[in-house]
Amino acid sequence: MPTERSEFVTLIPALRAFARTLSRDAYDADDLVQETLMKGIANINRFQPGTNMKSWLFTIMRNTFYTRIKMANREGPGLLDCASSRPAIAASQEWSLRSQEMARAIEALPDDQRQVIVLIGVLGTSYDDAASICGCAIGTIKSRLSRARHRLLGTFGEKGSGDAVTTSAISAAALQFDEARV
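Residues numbered from 1 in each chain as written. Predicted model: local features only at pLDDT ≥ 70, side-chain atom pairs only at ≥ 80, totals over all residues. Heavy atoms only, no water.

Visitor: How do you make sense of the environment of Ile-120 when you look at a structure like this?
Guide: As for its position among the elements, Ile-120 is in helix H5 (residues 111-122). On the basis of relative accessible area, Ile-120 is assigned to the buried category, the value being 9%. Sequence separation between Ile-120 and Ile-141 is 21 residues, and the spatial gap between their C-alpha atoms is 9.4 Å. Once you skip the residues sitting within four places of it in the chain, Ile-120 turns out to touch Thr-125, Tyr-127, Ala-130, Ile-141 and Leu-145. (Helix = DSSP H or I, 4+ residues; strand = E, 2+ residues; numbered from the N terminus. Buried < 20%, exposed > 50% of the residue type's maximum accessible area, 1.4 Å probe, protein only. Contact = heavy atoms within 4.5 Å.)

Visitor: What should I look at first to understand helix H2 (residues 26-42) in this one?
Guide: An α-helix turns once every 3.6 residues. As a result, residues three or four positions apart point the same way. Along its 17 residues, H2 runs 24 Å from first to last C-alpha, staying within 8% of the 24 Å computed at 1.5 Å per residue. All of the buried residues in H2 are Ala-29, Leu-32, Val-33, Thr-36, Leu-37 and Gly-40. The arc that holds every buried residue of H2, seen down its axis, measures 130 degrees, which confines them to one face. Exposed side of H2, more than 90 degrees from the buried face: Tyr-27, Met-38 and Ala-42 are the residues found there. (Expected span 1.5 Å × (residues − 1). Arc of directions from axis to C-beta.)

Visitor: What should I look at first to understand the pattern of salt bridges in this one?
Guide: Any two side chains of opposite charge can pair if their charged atoms end up close together. Under the counting rule described, the total for this entry stands at five salt bridges. Residue Glu-35 pairs with Lys-39 through a salt bridge whose shortest N-O separation is 3.6 Å. Of this pair, Glu-35 and Lys-39 both sit in helix H2, four residues apart, roughly one helical turn. Of the residues examined, Glu-35 reaches a relative accessible area of 25% and is grouped as partly exposed. For Lys-39, a relative accessible area of 32% corresponds to the partly exposed category. (Salt bridge = Lys/Arg side-chain N within 4 Å of Asp/Glu carboxyl O.)

Structure, rendered in structure tokens:
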């Protein structure tokens with residue numbers, strides 16, 4: 001158990017980054033991380049040693065997030081867009097505007113594509129682990145990643161094939177997205 005605890009602690013930054021891609025609100029993302037860690041600790045006896053702890057926790061987080069969405073849709077559909085949660089004044093620096101553009105472009109992606117671009121582009125998750133987290137085949141992950149890259153290129157008026165888009169370019173763009181959400 002002590003090694004699992006230390007591994008939980010080292011995974012918190014990655015969990016926070018993934019939670020921020022799922023939840024548009026920073027406080028909700030932090031709550032999601034906390035709930036994921038609580039569920040992980042409570043069910044540590046179900047974790048199979050030798051498997052990937054990160055993938056296991058990401059799967060817990062993703063399932064928890066979707067359960068929350070189902071509950072929110074049932075219980076309070078008008079509460080999601082509360083005006084009090086919006087910032088009063090937007091930052092005026094050019095880098096802030098560019099990161100906001102990137103954040104909007106990534107947020108405009110369909111959920112499945114946004115998750116894959118963040119898992120692979122930002123967090124450096126392998127295709128195998130991303131497939132495990134998303135509950136689909138590796139080929140599906142690759143096609144979602146390709147579609148997300150094409151869509152991001154189109155959003156910014158760039159031309160090129162999905163193969164020409166480097167992972168480092170997507171990582172840089174996704175990091176700007178993550179900074180914009182902080």
